Amino acid sequence: MEVYLDNSATTCVDEEVAKLMYNIMTVDYGNPSSMHNKGFEAEKYLRNARDTFASILKVSEKEIYFTSGGTESDNTAIIGAAMANKRRGNHIITTAIEHPAVHETTDFLSKNGFEITYLPVNEYGCVEPDELKKALKPETILVTIMYVNNEIGSVMPIKEIGEAIKEYNKDIIFHVDAVQAFGKYKIYPYKEKIDLMSISSHKIHGPKGVGVLFVKDKTRINPIVFGGGQQKGMRSGTENVPGIAGMALAAGKLYDRFDEDVRKMYELKEYFVRQIMTLDDVVINGYPDERSAPHVVSVSFEGITKSEVLLHALEEKGIYVSSGSACASNKPAISDTLTAIGVKRELLTSTIRFSFSVYTTVSEIDYTINELQALLPVLRKYRPK
């Protein structure tokens, strides 16, 4: 039996999406900048994709830009906004638990003359709006905060944070990394005071290597990719038409059945948490209920010295999970998120992330729990004395 519980890392591509992409790659393969029918056909896919995302987010199609994924969207938003506004100030606010695509980018800016404030989070992984208010100052030009944490599923009070920022200074730019939130929440940037927002395709049953950056009209931001001037010069380079069209189809399908799918994931999560808590010596990190995202559960296992040992033991049983952010897996280190929420030192290296999708089944969860029940006592025998 194969059980895939690593959907926060990536999701399987929807079958309809794959078929559409294949058709574009083999039939409608024109360059959207070409001035002939093949080019016009390709351009239609881009227009339709912009309309899809604009409709979902309740924004204008001219505020939608396509990128190579969440990382490029985050980099463009943060570096582009910082460079465009550096004459007004050099202070940027973020959190202690951001994805590497944000954390590494703010670290780069800190080495290039910008002052970075890293907000703490509470024991559930949430930023307190009052902490944000205390950090704001006249030199602040940008705030960048994730919507949903990719490791423990904590959900930030984005609307309250956005309102606090704009009440202090309407010119401060608010960027939100919504990579783990899009498809699980109805997000309306204008309502939540968001100026820039990042989305990734491969988290929503679309293809890898494609994403969206929402740029609110009149937001001061510089491009960081230069070339042929595509996408109004904001992001040069021939557009990935199959990927963009596939991503839009995946997004449209998700939001067409949004309530049903989210309810199903929460039911799966609730069932999983209930079952895993019947095992000995397990700890849930963050909120275990609907106060966190519907698709992520972080579990620490007492007596397991290395999460990778348990990960590979589960893999041998056909169960695929993660020991943290897949994007940081090539740099083994203690999780900033788990450290920030105060996880006990001995549990920092014994934590597994289980993440679900609408394709996850109860029988898959039962199989996983049964295998854990058998594996844990064996692996705990080898704990250091």
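Data block above holds the structure.
This structure is a prediction, so every number in the text was calculated from the model and none was measured.

Asker: Any details on the overall build of the protein? Residues and values, ideally.
Answerer: The secondary structure content of the protein amounts to 11 helices and 12 strands. Across its three principal axes, the protein shows a C-alpha extent of roughly 65 × 55 × 35 Å. Among the 385 residues that make up the protein, the fraction classed as buried is 57%. For the protein, contacts bridging at least 24 residues in sequence account for 75% of all contacts bridging at least 6. Accessible surface, the protein as shown: approximately 16900 Å² in total, 51% of it carbon and sulfur. Side chains of the protein carry 45 positive and 51 negative charges; the gap between the two charge centres is 4 Å.

Asker: Give a detailed account of the packing of aromatic side chains, specifying residues and quantitative values.
Answerer: Evaluated as defined, the whole model comprises nine aromatic pairs. Centre to centre, the rings of Tyr 190 and Phe 214 are 6.4 Å apart; their planes meet at 65°, and the pair counts as edge-to-face. Here Tyr 190, found in the loop between strand S6 (173-177) and strand S7 (196-200), pairs with Phe 214, found in strand S8 (residues 211-215); they are 24 residues apart in sequence, far enough to count as distant. The exposure class of Tyr 190 is partly exposed, given its relative accessible area of 39%. Within the aromatic cluster, the residues linked to one another by ring pairs are Phe 53, Phe 182, Tyr 255 and Phe 258.

Asker: Outline the side chain of Thr 10, supporting the account with residue identities and numerical values.
Answerer: With respect to the secondary-structure elements, Thr 10 resides in the loop between strand S1 (3-4) and helix H1 (15-26). On the basis of relative accessibility, which here comes to 16%, the residue Thr 10 falls in the buried class. A polar atom in the side chain of Thr 10 sits 2.7 Å from the side chain of His 202.

Asker: Can you explain helix H6 (residues 158-168)? Please cite residues and give values.
Answerer: Here H6 has its buried residues at Ile 158, Ile 161, Gly 162, Ala 164, Ile 165 and Lys 166. For H6, the secondary structure elements touched by its buried residues are helix H5 (129-135), strand S5 (140-146) and S6.

Asker: An account of the environment of Ile 194 is requested, with residue identities and associated values reported.
Answerer: Tracing the sequence through the fold places Ile 194 in the loop between S6 and S7. Residue Ile 194 is classed as buried on the basis of its relative accessible area of 1%. Linking Ile 194 and Ala 181, residues 13 residues apart in sequence, is a C-alpha distance of 14 Å. Those residues in contact with Ile 194 that sit more than four places away from it in its chain are Ile 158, Phe 174, Val 176, Ile 187, Pro 189, Phe 214 and Lys 216.

Asker: I'd like to hear about helix H11 (residues 362-380), residue by residue, with values.
Answerer: With 19 residues, H11 should reach 27 Å at 1.5 Å per residue; the first-to-last C-alpha distance of 27 Å fits that figure. Ala 374 marks the point of greatest bend in H11, at about 25°, and the proline Pro 377 comes within the next four residues. Considering only its buried residues, H11 is in contact with S1, helix H8 (258-276), strand S10 (296-301), helix H9 (307-316), strand S11 (319-320) and strand S12 (351-355).

Reading the values: rules and limits
Residues numbered from 1 in each chain as written. Predicted model: local features only at pLDDT ≥ 70, side-chain atom pairs only at ≥ 80, totals over all residues. Heavy atoms only, no water. Helix = DSSP H or I, 4+ residues; strand = E, 2+ residues; numbered from the N terminus. Buried < 20%, exposed > 50% of the residue type's maximum accessible area, 1.4 Å probe, protein only. Contact = heavy atoms within 4.5 Å. Areas by Shrake-Rupley, 256 points an atom, 1.4 Å probe, with all protein chains shown as cover. Lys, Arg positive; Asp, Glu negative; His and termini not counted. Charge placed at Lys NZ, Arg CZ, Asp CG, Glu CD. Phe/Tyr/Trp six-rings, centres within 6.5 Å; stacked < 30°, edge-to-face > 60°. Polar contact = N/O pair within 3.5 Å; in protein donor to acceptor, adjacent residues only side chain to side chain. Expected span 1.5 Å × (residues − 1). Bend = angle between axes of the 7 residues up to and from the residue.

These results come straight from atomic positions and should not be treated as a statement about function.
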